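These are the residues of each chain, in order.
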Amino acid sequence: MNGKLYVVGTPIGNLSDLSPRAVQTLEAVDFIAAEDTRVTLKILNHFGIKKETVSYFEHNKRERGEIICARIAQGENCAIVTDAGMPAISDPGEDLVKLCHEMGIQVVSVPGPTAFATALAISGMETGRFTFEGFLSVSKKSRFEHLEEIKDEKRTIVFYEAPHKLANTLKDLYAALGDRKLAIVRELTKIHEEVINTTLKEACEKYADGTLKGEMVLIIEGKKETEKAEITIEEAVAQARELVEKGFSINQAAKEIAAKTPFKKGDIYRELI
């Protein structure tokens, strides 16, 4: 008979946030799959738990996942934990959970803190609708494509970021999104927990030196609707003529102005000719 995989949320800073149920689960399972066994050992020692731990992280998740699932399939119970927060959220645990489902292994939640939800709750930003974007890629091409995809996003946008990458990330976000409200939430549940309400432009200037420390959640306001100014067809055609004088074809000029006004490209085109 198959065992079970328990997805156990761990504290994101304050060890007192580990729930009684999480402690009971870690005590009861046969072994624990941990992102970093050294970090997990500190948690286990704090609660007096002695348990076998196996490493499971980004670079060994393929082969280690199969080994873990094989043990569960033979009847052992396993808890997966990450260094901080809920496993499988912007985390390689996602692969293990998927593999268990594919093999018909039951996956049980033992919920705990999640950094992005905790940060949103204390940020003062709009939380009714949001999109969680994880970490921006360090690859220039992937990073640019990601930012292009979200530049018109109207929902609140949430990113994770490490302190040594913050300056470049803020610069790239400002270049892609323009100046918007920003909440930098850092050191969640720790002594120096802080919510910095600022804007992308101000943050770029203030934190370019890399002095801001701690793991961070960046919460950015969504793009606001801009009302198109009232404009007559005559004014739209006049703007199109200016583009033609600058070297645009009549077709290009009509298309450009139609995109910025309530008028159709064909109407502007006919007036131009």
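Up top you'll find the structure we're talking about.
Residues numbered from 1 in each chain as written. Predicted model: local features only at pLDDT ≥ 70, side-chain atom pairs only at ≥ 80, totals over all residues. Heavy atoms only, no water.

## Notes on helix 5 (residues 115-123)
Then, number 1: When we look at burial in helix 5, the residues that qualify are Ala-115, Phe-116, Ala-119, Leu-120 and Ser-123. Relative to the axis of helix 5, the buried residues are bounded by an arc of 125° and lie together on one face.
Then, number 2: In the segment just after helix 5, Gly-124 is the residue with positive phi, at about 80°. (Buried < 20%, exposed > 50% of the residue type's maximum accessible area, 1.4 Å probe, protein only. Helix = DSSP H or I, 4+ residues; strand = E, 2+ residues; numbered from the N terminus. Arc of directions from axis to C-beta.)

## Details of the pattern of salt bridges
Then, number 1: Counted according to the given criterion, the structure contains 16 salt bridges.
Then, number 2: The salt bridge involving Lys-61 is made with Glu-58; its shortest N-O contact spans 2.9 Å.
Then, number 3: Taking relative accessible area as the criterion, Glu-58 reaches 42% and is therefore assigned partly exposed.
Then, number 4: Between Glu-194 and Arg-186 there is a salt bridge, and its shortest N-O distance comes to 2.7 Å.
Then, number 5: Since its relative accessible area comes to 14%, Arg-186 is described here as buried. (Salt bridge = Lys/Arg side-chain N within 4 Å of Asp/Glu carboxyl O.)

## Brief notes about a nonpolar patch on the surface
Then, number 1: A contiguous nonpolar patch, built from Val-244, Ile-250, Tyr-269 and Ile-273 and spanning about 330 Å² of accessible area, is present on the exposed surface.
Then, number 2: By the secondary structure assignment, Tyr-269 is in helix 11 (residues 265-272).
Then, number 3: Given a relative accessible area of 32%, Tyr-269 falls into the partly exposed group. (Patch = residues over 30% accessible without salt bridge, like charges linked within 9 Å, V, L, I, M, F, W, Y side chains within 5 Å. Areas by Shrake-Rupley, 256 points an atom, 1.4 Å probe, with all protein chains shown as cover.)

## Thoughts on the sheet that holds strand 3 (residues 52-55)
Then, number 1: The five strands lie next to each other as 3-2-4-1-5, forming an open sheet whose pairing is parallel. In the strand order of this sheet, the two ends are held by strand 3 and strand 5 (106-110), each with one partner. Going from strand to strand, the sheet's axes swing by 25° on average, the running direction of each strand aside.
Then, number 2: Strand direction decides the pairing type here: strand 2 (residues 31-34) and strand 3, joined by four bridges, are parallel. Across the sheet, the residue bridging to Ala-34 is Ser-55, located in strand 3.
Then, number 3: Helix-sheet contacts for helix 2 (residues 37-46) involve strand 2, strand 3 and strand 4 (78-81), and the interaxial angle to strand 3 is about 155°.
Then, number 4: Along the sheet, helix 3 (residues 61-73) contacts strand 1 (4-8), strand 2, strand 3 and strand 4; its crossing angle with strand 3, the most-contacted strand, is approximately 145°. (Pairing = 2+ DSSP bridges. Axes fitted to C-alpha atoms, helices over the stretch in contact; angles between N-to-C directions. Contact = heavy atoms within 4.5 Å.)

## Some words on helix 3
Every α-helical turn comprises 3.6 residues, leaving residues that sit three or four positions apart pointing alike.
Then, number 1: Relative to the 18 Å expected for 13 residues at 1.5 Å per residue, helix 3 spans 17 Å between its end C-alpha atoms, a close match to the ideal helical length.
Then, number 2: Looking only at helix 3, the buried set comprises Lys-61, Gly-65, Ile-68, Cys-69, Arg-71 and Ile-72. For helix 3, the angular spread of buried residues about the axis comes to 155°, placing them on one side. Along helix 3, the residues that are exposed and aim more than 90 degrees away from the buried face are Arg-62, Glu-63 and Glu-66.
Then, number 3: One or two positions beyond helix 3, positive phi appears at Gly-75, with a value near 115°. (Expected span 1.5 Å × (residues − 1).)

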